[in-house]
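For reference, the chains in residue letters:
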Amino acid sequence: QAQLEESGGGLVQPGESLRLSCLARDIAFLYYNMAWYRQTPGKQRELVASITQDTTRDRVIYYSDSVKGRFTISRDNTLDTVDLQMNSLKFEDTGVYYCNADNPDVQRNYWGQGTQVTVSS
């Protein structure tokens, strides 16, 4: 059964860094577009960053305006992982971060359980 396992969340102070990692199990990772979303209480889940599969087409990376220049998304197709390096963290980066895997060609979409990131002084 397909599974996404996030790790790396925690409590940090403003200006510090965290690295989130998502391990994909039992999916054809090479063909999946991967993304990180975050959700805060009372708000909709929002897309933070995404990285497309690059097996059948050129890779495309997207960042939301709120994280552009501070966050970096990357994928390792040999380890089936997607990471989110988060630098210069701000209070407003606090939330639960979810890993997402999407393959529109086979209409499959999966979510991880989420990992909490708290930025507080």
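Look up: the structure comes first, before these words.
Below or above, wherever it landed, is the structure these notes cover. (Residues numbered from 1 in each chain as written. Predicted model: local features only at pLDDT ≥ 70, side-chain atom pairs only at ≥ 80, totals over all residues. Heavy atoms only, no water.)

### Topic: the overall build of the protein
Now for step 1: Helix and strand counts for the protein stand at 0 helices and 11 strands.
Now for step 2: Starting at the N terminus and walking to the C terminus, you meet the elements of the protein as β-β-β-β-β-β-β-β-β-β-β.
Now for step 3: By residue count, 39% of the 121 residues in the protein fall in the buried class.
Now for step 4: A separation of at least 24 residues holds for 55% of the contacts in the protein among residues at least 6 apart in sequence.
Now for step 5: About 6,700 Å² of surface is accessible on the protein, with carbon and sulfur atoms providing 45% of the total.
Now for step 6: Taken together, the 12 basic and 15 acidic charged side chains of the protein have centroids lying 4 Å from each other. (Helix = DSSP H or I, 4+ residues; strand = E, 2+ residues; numbered from the N terminus. Buried < 20%, exposed > 50% of the residue type's maximum accessible area, 1.4 Å probe, protein only. Contact = heavy atoms within 4.5 Å. Areas by Shrake-Rupley, 256 points an atom, 1.4 Å probe, with all protein chains shown as cover. Lys, Arg positive; Asp, Glu negative; His and termini not counted. Charge placed at Lys NZ, Arg CZ, Asp CG, Glu CD.)

### Comments concerning the pattern of salt bridges
Now for step 1: According to the stated counting rule, one finds 7 salt bridges in the structure shown.
Now for step 2: Residue Arg59 is joined to Asp54 by a salt bridge in which the shortest nitrogen-to-oxygen separation is 2.6 Å.
Now for step 3: With a shortest N-O distance of 3.3 Å, Lys68 and Asp65 are connected by a salt bridge.
Now for step 4: Residue classification places Lys68 among the exposed residues on the basis of a relative accessible area of 51%.
Now for step 5: Note on Asp65: relative accessible area 66%, which makes it exposed. (Salt bridge = Lys/Arg side-chain N within 4 Å of Asp/Glu carboxyl O.)

### Considering the nonpolar core
Now for step 1: If you look at the biggest cluster of nonpolar residues, it comprises 27 residues, and the most contacted ones within it are Met34, Trp36, Leu84, Met86 and Tyr97.
Now for step 2: Ranked by residue count, the leading element in this core is strand β3 (residues 18-25), at 4 residues. (Core = buried A, V, L, I, M, F, W, Y, C linked by side-chain atoms within 4.5 Å.)

All quantities given are derived from atomic positions and should not be read as evidence of function.
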